[in-house]
Amino acid sequence: MSLALKPLTIDNKKELLSLASHQLKEDPHSFTILDEQVGTKESGYADLIGVDKEGALVLFYLLSANKESTQIAQSLSNYYWACENILNIKKMYPQSNLDAGSSPKVVYIARQFARQTKKSLSLLGVEIQAYQYQAFDVNAIPCLYLEKVCLKESGQSMWDVELEKLKKEFSGKDALSEDELSEFLNYDSEQKPE
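In what follows, the accompanying structure is described.

Definitions and limits used
Residues numbered from 1 in each chain as written. Predicted model: local features only at pLDDT ≥ 70, side-chain atom pairs only at ≥ 80, totals over all residues. Heavy atoms only, no water. Helix = DSSP H or I, 4+ residues; strand = E, 2+ residues; numbered from the N terminus. Contact = heavy atoms within 4.5 Å. Areas by Shrake-Rupley, 256 points an atom, 1.4 Å probe, with all protein chains shown as cover. Expected span 1.5 Å × (residues − 1). Phe/Tyr/Trp six-rings, centres within 6.5 Å; stacked < 30°, edge-to-face > 60°. Buried < 20%, exposed > 50% of the residue type's maximum accessible area, 1.4 Å probe, protein only. Core = buried A, V, L, I, M, F, W, Y, C linked by side-chain atoms within 4.5 Å. Salt bridge = Lys/Arg side-chain N within 4 Å of Asp/Glu carboxyl O. Pairing = 2+ DSSP bridges.

## Some remarks on the overall build of the protein chain
For the protein chain, the count of helices and strands is six helices and seven strands. The order of helices and strands in the protein chain, counted from the N terminus, is β-α-β-β-β-α-α-β-α-β-β-α-α. Of all intrachain contacts in the protein chain linking residues separated by at least 6 positions in sequence, the fraction that spans at least 24 positions is 49%. With an accessible surface of roughly 12,700 Å², the protein chain has 51% of that area assigned to carbon and sulfur atoms.

This is the structure:
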């Protein structure tokens, strides 16, 4: 039997959440999905809530193109509400192994994350994961593929950016050598407090 796989565009949020929910329950994610649309009018709503393998509450938000900044602000309001009401949430879902002592986590799901959005999310002081999705029609069955997105630049890549900036700045007849540039970048870390 052959697989007929073709890209699919799904604009219906309810259908996307249903497909994402099924995918999030599977390995390697293995979340236990508890409910959808949890929150208040004032705080906003999490599209899905669940529990991870460690028992931490996980709030899932599906981001729409061109609405990310508003949706992220609403999600942070909902996150704050969840932190304040974690004991009530534990009572609402007694069958879950929710650990009310650990901070909730946030998962954003989007078709694509713009560079600015990733940068903004990386600055938040909340444990965040991000997944880009691709929808496919597999033998006439809609499926969603979730791919984890790295939000933070590695220290090495940031080092490379700084090194390139210095090379441009100090090029020409008074150019610094690679060793001099490296020494310049390491100056602060080599200084001992008095």
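## Comments concerning helix 2 (residues 68–84)
For helix 2, built from 17 residues, the straight-helix expectation of 24 Å at 1.5 Å per residue is met to within 8% by its first-to-last C-alpha distance of 24 Å. The secondary structure elements touched by the buried residues of helix 2 are strand 2 (32–40), strand 3 (44–51), strand 4 (57–63), helix 3 (86–92), strand 5 (105–110) and helix 4 (115–122).

## Let's talk about the packing of aromatic side chains
Applying the stated criterion across every chain, the model contains two aromatic pairs. Here the aromatic rings of phenylalanine 31 and phenylalanine 60 are separated by 5.1 Å at their centres, their planes lie at 85°, and the arrangement is edge-to-face. Separated by 29 residues along the polypeptide, phenylalanine 31 in the loop between helix 1 (13–25) and strand 2 and phenylalanine 60 in strand 4 bring together distant segments of the chain. The same class applies to phenylalanine 31 as to phenylalanine 60, namely buried. Arranged with centres 5.7 Å apart and planes meeting at 35°, the rings of tyrosine 61 and tyrosine 108 form a pair that is tilted.

## Some points on the environment of alanine 110
As for its position among the elements, alanine 110 is in strand 5. In this structure the C-alpha to C-alpha distance between alanine 110 and leucine 62, which are 48 residues apart in sequence, comes to 5.9 Å. Other than its neighbours up to four places away in sequence, alanine 110 contacts Leu63, Tyr131, Gln132 and Tyr133.

## Section: the nonpolar core
Across soluble globular proteins, you tend to see nonpolar side chains buried next to one another. With 27 residues, the main nonpolar core has Ile49, Leu57, Leu59, Ile89, Tyr108 and Phe113 as its most contacted residues. Listed in part, the 19 residues of the second largest apolar core include Phe31, Leu62, Ile109 and Tyr131.

## Let's talk about the pattern of salt bridges
Under the counting rule described, the total for this entry stands at six salt bridges. Between arginine 111 and aspartate 11 there is a salt bridge, and its shortest N-O distance comes to 4.0 Å. Linking arginine 111 in the loop between strand 5 and helix 4 with aspartate 11 in the loop between strand 1 (5–7) and helix 1, this pair joins segments that are 100 residues apart in sequence. A relative accessible area of 44% places arginine 111 in the partly exposed class. On the accessibility criterion, aspartate 11 (66% relative accessible area) is exposed. Here aspartate 47 ties to lysine 13 by a salt bridge, and the two come within 3.0 Å at their closest N and O atoms. One end of the pair, aspartate 47, is in strand 3; the other, lysine 13, is in helix 1, and 34 residues separate them in sequence.

## So, the pairing of strand 4
Of all seven residues that make up strand 4, seven are buried, and the element is covered over most of its length. Here strand 4 shows two buried faces, one formed by Leu57, Leu59, Tyr61 and Leu63 and the other by Val58, Phe60 and Leu62. With four bridges connecting them, strand 3 and strand 4 associate as antiparallel partners. Along strand 4, the bridge assignment pairs glycine 50 with valine 58. The turn linking strand 3 back onto strand 4 is made up of five residues, and glycine 55 within it adopts a positive phi angle of 90°.

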